[in-house]
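Fold and contact review
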Amino acid sequence: MTLKKSKDRMMFLIGMAATFIGLLIPFISVPDEGVMNVFQGASFFNEPGIAYISTFMVIVWLAALAGVVLYFVTDFMVADFIAWLVGAAFGIAHTVSMCLYSVENEYSLFGWIFIGSIIAFVGMTLALVGLILQAIHIQHPLAPKAE
């Protein structure tokens, strides 16, 4: 069962693109260091003991990029779901690890969140809504077309 490029898939594309862009603009704020995008954050957290934080944020960014690329190269919804699932799982892992890092260093618990984080969250949520609508509108290939 494949999908045509519908409004539902367009919602998925816009959501994944928003996540991709949200991570390119400043999305984390570290006290005494300033605000950072995914590349600056990955280099800042690339130290022994906390390197997993940079790994999580880069994987979320790559999953968002994969979601955008998959929109143009395939019509297979499972591939879209896998890209979203990888991004969401590592996004949750990144959020938890940043909260633990904040508590460990006696910063505000969610003080690291900056505008890009909000854009990325909204993008992942929009992509999920697009996936759910895609699943609702799947039509069996042998079923008569609904007008």
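The sections below set out a description of the structure shown in this document.

This paragraph deals with the overall build of the protein chain. Along the backbone of the protein chain there are five helices and two strands. For the protein chain, the succession of helices and strands along the chain, N to C, is α-β-β-α-α-α-α. In terms of its C-alpha atoms, the protein chain occupies a principal-axis envelope of roughly 60 × 25 × 20 Å. Every one of the 147 residues in the protein chain was classed for burial, and the buried ones make up 38%. Sequence separation of at least 24 residues holds for 68% of the intrachain contacts in the protein chain that already meet a minimum separation of 6. In the form shown here, the protein chain has an accessible surface area of approximately 8300 Å², with 72% of it arising from carbon and sulfur atoms. Taken as two groups, the 5 positive and 9 negative side-chain charges of the protein chain have centres that lie 27 Å from each other.

Scanning all chains against the criterion turns up nine aromatic pairs. Aromatic rings pair up to connect F44, F45, Y101 and Y107 into one cluster.

This part covers helix α1 (residues 7-24). With 18 residues, α1 should cover 26 Å at 1.5 Å per step; its first-to-last C-alpha distance of 26 Å lies within 8% of that length. Listing the buried residues of α1 in full gives D8, R9, F12, L13, G15, M16, T19, G22 and L23.

Inspection of every chain in the model, using the stated rule, returns two salt bridges. The partner of D75 in a salt bridge is R9, and the shortest N-O contact between them spans 3.2 Å. With a gap of 66 residues between them, D75 in the loop between α3 (51-73) and α4 (77-104) and R9 in helix α1 connect regions that are remote in the sequence. With a closest N to O distance of 3.0 Å, R9 and D80 form a salt bridge. Residue R9 is found in helix α1, and its partner D80 is found in helix α4; the two are separated by 71 residues along the sequence. Assessed through its relative accessible area of 0%, R9 is described here as buried. Shared partners join several salt bridges into a network, and the residues in it are R9, D75 and D80.

This brings us to unusual backbone geometry. Non-glycine residue D32 carries a positive phi angle of around 70°. Within the secondary structure, D32 sits in the loop between β1 (28-30) and β2 (34-36). On the basis of relative accessible area, D32 is assigned to the exposed category, the value being 78%.

So, on to the packing of α4 against helix α5 (residues 115-136). Where α4 meets α5, the closest approach of the two axes is 11 Å, and the angle between their N-to-C directions is 150°. Considering their axes alone, α4 and α5 lie roughly antiparallel with respect to each other. For the pair α4 and α5, the sense of crossing is left-handed. Along the contact surface, α4 presents M77, D80, F81, W84, G87 and A88, while α5 presents M124, A127, L128, L131, Q134 and A135. Here the contact of α4 with α5 is built from residues that sort into nine nonpolar, two polar and one charged.

Here we take up the nonpolar core. The biggest cluster of nonpolar side chains holds 18 residues, and the ones touching the most others in it are L23, I28, F45, I53 and M57. Where this core is concerned, the elements lending two or more residues are β1, α2 (38-44), α3 and α4. Of all the elements, α3 adds the most residues to this core, at four residues. Setting aside residues no more than four positions away along its own chain, F45 makes contact with I28, V30, I50, A51, I53, S54, M57, M98 and Y101.

Each value, and the rule that gives it
Residues numbered from 1 in each chain as written. Predicted model: local features only at pLDDT ≥ 70, side-chain atom pairs only at ≥ 80, totals over all residues. Heavy atoms only, no water. Helix = DSSP H or I, 4+ residues; strand = E, 2+ residues; numbered from the N terminus. Buried < 20%, exposed > 50% of the residue type's maximum accessible area, 1.4 Å probe, protein only. Contact = heavy atoms within 4.5 Å. Areas by Shrake-Rupley, 256 points an atom, 1.4 Å probe, with all protein chains shown as cover. Lys, Arg positive; Asp, Glu negative; His and termini not counted. Charge placed at Lys NZ, Arg CZ, Asp CG, Glu CD. Phe/Tyr/Trp six-rings, centres within 6.5 Å; stacked < 30°, edge-to-face > 60°. Expected span 1.5 Å × (residues − 1). Salt bridge = Lys/Arg side-chain N within 4 Å of Asp/Glu carboxyl O. Axes fitted to C-alpha atoms, helices over the stretch in contact; angles between N-to-C directions. Parallel < 35°, antiparallel > 145°, perpendicular 65-115°, else oblique. Left-handed = near helix turned anticlockwise from the far one by under 90°. Nonpolar A, V, L, I, M, F, W, Y, C, P; charged D, E, K, R; others polar. Core = buried A, V, L, I, M, F, W, Y, C linked by side-chain atoms within 4.5 Å.

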